[in-house]
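Coordinate analysis (summary)
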Amino acid sequence: MIAILKHSTGSRLLQALLLLVVILGFAACKKDNTPQKEKDDKQIQQYFQANGIDPATVTKTSSGLYYQQLEAGAGDKVFPGDVVSVHYTGTLLNGTKFDSSVDRGKPFEFKVGVGGVIAGWDEGLPYMREGEKARLFIPSHLGYGRQNSGPIPANSPLVFEIEVLDILP
């Protein structure tokens, strides 16, 4: 009888130890529950600080998009539904360039506000005028989100320098 009790107590102790190891393992693997929007905003704010961008020169929208005018435009304002011709350069926050119409020497044309481009562009272009140069700081949910897109890793905030060359008829 004593042998059975010893075995039962040892078995319970072993079960308790295994349970403790499993619990500690899950605790060590705890996922970062900070929402991606907050992470993106923090990264963009750090980018401003690291690159000497005065927050007073940047407008933040309710969606989290940041708009910074670099050169004023004298032409018409861009509206959703307009077809525009733009030059742009896109980079990651670490400075890695992933695309540039300027480098290709060919402007990009698209219709604003119909989902033909990332949401950050559809939202940001109506802040601009023909002839204007601006910088858009786009949180990942207005860019490519949780997907990798070519050289753009998932959950990457993006920086685009855009010049509106023309609003096409």
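Data block above holds the structure.
Quick caveat, the model's predicted, so the values are computed rather than measured.

Right, let's talk about the overall build of the protein chain for a bit. Assigned secondary structure in the protein chain consists of four helices and seven strands. For the protein chain, buried positions account for 34% of its 169 residues. Within the protein chain, contacts between residues at least 6 apart in sequence are counted, and of these 65% link residues at least 24 apart. A total of about 10400 Å² of accessible surface is found on the protein chain, and carbon and sulfur atoms cover 56% of it.

In this structure, N155 takes a positive phi of about 60 degrees despite not being glycine. Along the polypeptide, N155 turns up in the loop between strand 6 (133-138) and strand 7 (158-168). Overall, N155 belongs to the partly exposed group, its relative accessible area being 29%.

So, on to the packing of aromatic side chains. Applying the stated criterion across every chain, the model contains 12 aromatic pairs. With a centroid separation of 5.8 Å and an interplanar angle of 55 degrees, the aromatic rings of Y47 and F137 are classed as tilted. Of the two residues, Y47 is situated in helix 2 (residues 36-50) and F137 in strand 6; the sequence distance between them amounts to 90 residues. We classify Y47 as buried; its relative accessible area is 14%. Its end group placed over the ring of F79, K77 keeps NZ or CZ at 5.8 Å from the ring centre.

Here we take up the nonpolar core. V86, W121, L125, I138, F160 and I162 are the most contacted members of the largest nonpolar core, which totals 25 residues. Elements represented by at least two residues in this core include exactly strand 3 (83-92), strand 6 and strand 7. With five residues, strand 7 is the single largest residue contributor to this core. Look past the residues within four positions of V86 in its chain and what remains in contact with it is S101, P107, F108, F110, W121, L125, I162, E163, V164 and L165. With eight residues, the next largest nonpolar core counts I44, F48, V58 and Y66 among its residues.

Let us look at the pairing of strand 3. Counting buried positions along strand 3 gives eight out of 10 residues, so the element sits mostly inside the fold. Sheet topology note: the strand 3/strand 5 (residues 108-111) ladder contains four bridges and is antiparallel. By the bridge assignment for strand 5, V83 is matched with K111. The pairing of strand 3 with strand 7 spans 10 bridges and is antiparallel. Bridged to V84 within strand 7 is I167. Here strand 3 hands over to strand 4 (residues 97-100) after four residues, with G95 in that stretch at a positive phi of 95 degrees.

What counts as what
Residues numbered from 1 in each chain as written. Predicted model: local features only at pLDDT ≥ 70, side-chain atom pairs only at ≥ 80, totals over all residues. Heavy atoms only, no water. Helix = DSSP H or I, 4+ residues; strand = E, 2+ residues; numbered from the N terminus. Buried < 20%, exposed > 50% of the residue type's maximum accessible area, 1.4 Å probe, protein only. Contact = heavy atoms within 4.5 Å. Areas by Shrake-Rupley, 256 points an atom, 1.4 Å probe, with all protein chains shown as cover. Phe/Tyr/Trp six-rings, centres within 6.5 Å; stacked < 30°, edge-to-face > 60°. Lys NZ or Arg CZ within 6 Å of the ring centre and 35° of its normal. Core = buried A, V, L, I, M, F, W, Y, C linked by side-chain atoms within 4.5 Å. Pairing = 2+ DSSP bridges.

So, to be careful, I would describe these as geometric facts and stop short of saying anything about function.
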